[in-house]
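So you can see what is in the structure, the chains are spelled out below.
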Amino acid sequence: SQQGEEDPQALSIQEGENATMNCSYKTSINNLQWYRQNSGRGLVHLILIRSNEREKHSGRLRVTLDTSKKSSSLLITASRAADTASYFCATEGNQGGKLIFGQGTELSVKP
Amino acid sequence: NAGVTQTPKFQVLKTGQSMTLQCAQDMNHNSMYWYRQDPGMGLRLIYYSASEGTTDKGEVPNGYNVSRLNKREFSLRLESAAPSQTSVYFCASTDLGTDTQYFGPGTRLTVL
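Keep in mind it's a predicted model, so treat the numbers as computed, not measured.

**A few points about the pattern of salt bridges**
Next up, step 1: Under the definition given, this model contains 7 salt bridges over all chains.
Next up, step 2: Among the salt bridges present, the one from Arg-62 of chain A reaches Glu-55 of chain A, with a minimum N-O distance of 3.2 Å.
Next up, step 3: Beyond isolated ion pairs, a larger network of salt bridges with shared partners links Arg-36, Asp-38 and Arg-44 of chain B.

Here it is as structure tokens:
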């Protein structure tokens, strides 16, 4: 069973626009992570937010976490064509180390 | 640093054949993982190894075995491949200091 449910499943925007992806989960977590996957490649870690944090920034990425609603969002500002990829949220529970992945959001940024 | 490496990159098997997928990491990580990814889905954990000498089942372990040969290497074996095991397999390792997982490039396996 997968912990994370991501919304939307697919998102198409123009270069320069912002992209927002959402993730909901079911059980308590230690942290929530976002990964990017370019077509045919492995996953690359983007950002981690711990359960006691509410917001985190990294470059053009902004992640929020609402543990009361068991949800997170990833915002990519001023998107570029190179941001075209699938984005996955993953939660780490209290057992540590093991991640449970969502089904991903496929982002297409048109030049 | 090569990071996480996987071999082979591609493999085609017939039903009933066996094979071993190899994974190695050079980052001195304790924990290593095997996932499978099916079209349009996220990753599902097959097996993991929290440290050298230990292995545990993940969400979808049936039909697979693993060996943590040493701290660097973690292999995944299919004893009798089935078409349902057609998938892309990813190996990962964890930096416990940051909880970040580092992924290999994947092995695309087709079972006919």
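Once the structure has been displayed, the description carries forward.
**Structural notes on the pairing of strand 5 (residues 43-50) of chain A**
All names here are of chain A.
Next up, step 1: Direction of pairing for strand 4 (residues 31-37) relative to strand 5: antiparallel, over a ladder of 7 bridges. Bridge pairing in strand 5 links Gln-37 to Leu-43.
Next up, step 2: The antiparallel hairpin formed by strand 4 and strand 5 contains 5 residues in its connecting segment, where Gly-40 sits at a positive phi of about 75°.

**Details of the nonpolar core**
Next up, step 1: Counting residues in each nonpolar core, the largest one holds 21 residues, and the members touching the most others are Leu-32, Trp-34, Leu-74, Ile-76, Tyr-87 and Leu-107 of chain A.
Next up, step 2: Mapped onto this core, the elements with two or more residues apiece are strand 3 (19-24), strand 4, strand 5, strand 7 (61-66), strand 8 (71-76), strand 9 (85-92) and strand 11 (105-110) of chain A.
Next up, step 3: Not counting the four nearest positions on each side in its chain, Leu-107 of chain A is found in contact with Leu-11, Ile-13, Ala-19, Met-21, Ile-76, Asp-83, Thr-84, Ala-85 and Tyr-87 of chain A.
Next up, step 4: With 20 residues, the next largest nonpolar core counts Val-4, Tyr-64, Cys-91 and Leu-109 of chain B among its residues.

**With respect to the sheet that holds strand 8 (residues 74-78) of chain B**
Residue and element names in this part refer to chain B.
Next up, step 1: With respect to topology, 4 strands assemble into an open sheet ordered 1-3-8-7, the strand pairing being antiparallel. The outermost strands of the open sheet, each flanked by one partner alone, are strand 1 (4-7) and strand 7 (64-68). Each strand of the sheet is rotated relative to its neighbour by a mean of 20°, with strand direction disregarded.
Next up, step 2: Judged from the 3 bridges that link them, strand 3 (residues 19-25) and strand 8 form a sheet pairing that is antiparallel. Its bridge partner being in strand 8, Leu-21 is matched across the sheet by Leu-76.

**What to know about the packing of aromatic side chains**
Next up, step 1: Counted under the stated rule, the structure contains 8 aromatic pairs over all chains.
Next up, step 2: Consider the rings of Tyr-35 of chain A and Phe-101 of chain A, whose centres lie 5.7 Å apart with planes at 55°: the pair is tilted. Placement of Tyr-35 of chain A in strand 4 and of Phe-101 of chain A in strand 10 (residues 99-101) is noted, with a sequence separation of 66 residues between them.
Next up, step 3: Looking at Tyr-35 of chain A, the relative accessible area reads 0%, which means it is buried.
Next up, step 4: Residue Phe-101 of chain A is classed as buried on the basis of its relative accessible area of 0%.
Next up, step 5: When the centroid spacing of 6.3 Å and the interplanar angle of 20° are considered together, the rings of Tyr-33 of chain B and Tyr-48 of chain B count as stacked. Pair noted here: Tyr-33 of chain B is in strand 4 (residues 31-37) and Tyr-48 of chain B is in strand 5 (residues 43-49), with a separation of 15 residues, a long-range link. Take Tyr-33 of chain B and Tyr-48 of chain B: they sit in the same class, and that class is buried.
Next up, step 6: Among the aromatic residues, those joined into a cluster by ring pairs are Tyr-35 and Phe-101 of chain A together with Tyr-33, Tyr-35, Tyr-48 and Phe-103 of chain B.

**What to know about the sheet that holds strand 1 (residues 5-7) of chain A**
Note: strands within a sheet are paired through backbone hydrogen bonds, in either parallel or antiparallel orientation.
Residues and elements named next belong to chain A.
Next up, step 1: In space, the 5 strands of this open sheet follow the order 1-3-8-7-6, with antiparallel pairing throughout. Edge positions in the sheet fall to strand 1 and strand 6 (55-58), since each has one partner strand and no second. Each neighbouring strand pair of the sheet contributes to a mean axis angle of 15°, computed without reference to strand direction.
Next up, step 2: Where strand 7 meets strand 8, 6 bridges bridge the pair, whose relative direction is antiparallel. Within strand 8, the residue paired with Leu-61 across the bridge is Ile-76.

**Some remarks on the environment of Asn-70 of chain B**
All names here are of chain B.
Next up, step 1: Take Asn-70: it is sitting in the loop between strand 7 and strand 8.
Next up, step 2: Using a relative accessible area of 25% as the deciding quantity, one classes Asn-70 as partly exposed.
Next up, step 3: Side-chain polar atoms of Asn-70 contact the side chain of Glu-73, separated by 2.7 Å.

**Points about the confidence of the model for chain A**
Next up, step 1: Overall, the prediction assigns chain A a mean pLDDT of 92, with 95% of residues at 70 or greater.
Next up, step 2: Mean pLDDT values over the elements of chain A span from 87, in strand 1 of chain A, up to 98, in strand 7 of chain A.

The rules we used
Residues numbered from 1 in each chain as written. Chains lettered and ligands numbered in written order. Predicted model: local features only at pLDDT ≥ 70, side-chain atom pairs only at ≥ 80, totals over all residues. Heavy atoms only, no water. Salt bridge = Lys/Arg side-chain N within 4 Å of Asp/Glu carboxyl O. Pairing = 2+ DSSP bridges. Helix = DSSP H or I, 4+ residues; strand = E, 2+ residues; numbered from the N terminus. Core = buried A, V, L, I, M, F, W, Y, C linked by side-chain atoms within 4.5 Å. Buried < 20%, exposed > 50% of the residue type's maximum accessible area, 1.4 Å probe, protein only. Contact = heavy atoms within 4.5 Å. Axes fitted to C-alpha atoms, helices over the stretch in contact; angles between N-to-C directions. Phe/Tyr/Trp six-rings, centres within 6.5 Å; stacked < 30°, edge-to-face > 60°. Polar contact = N/O pair within 3.5 Å; in protein donor to acceptor, adjacent residues only side chain to side chain. pLDDT = per-residue confidence, 0-100.

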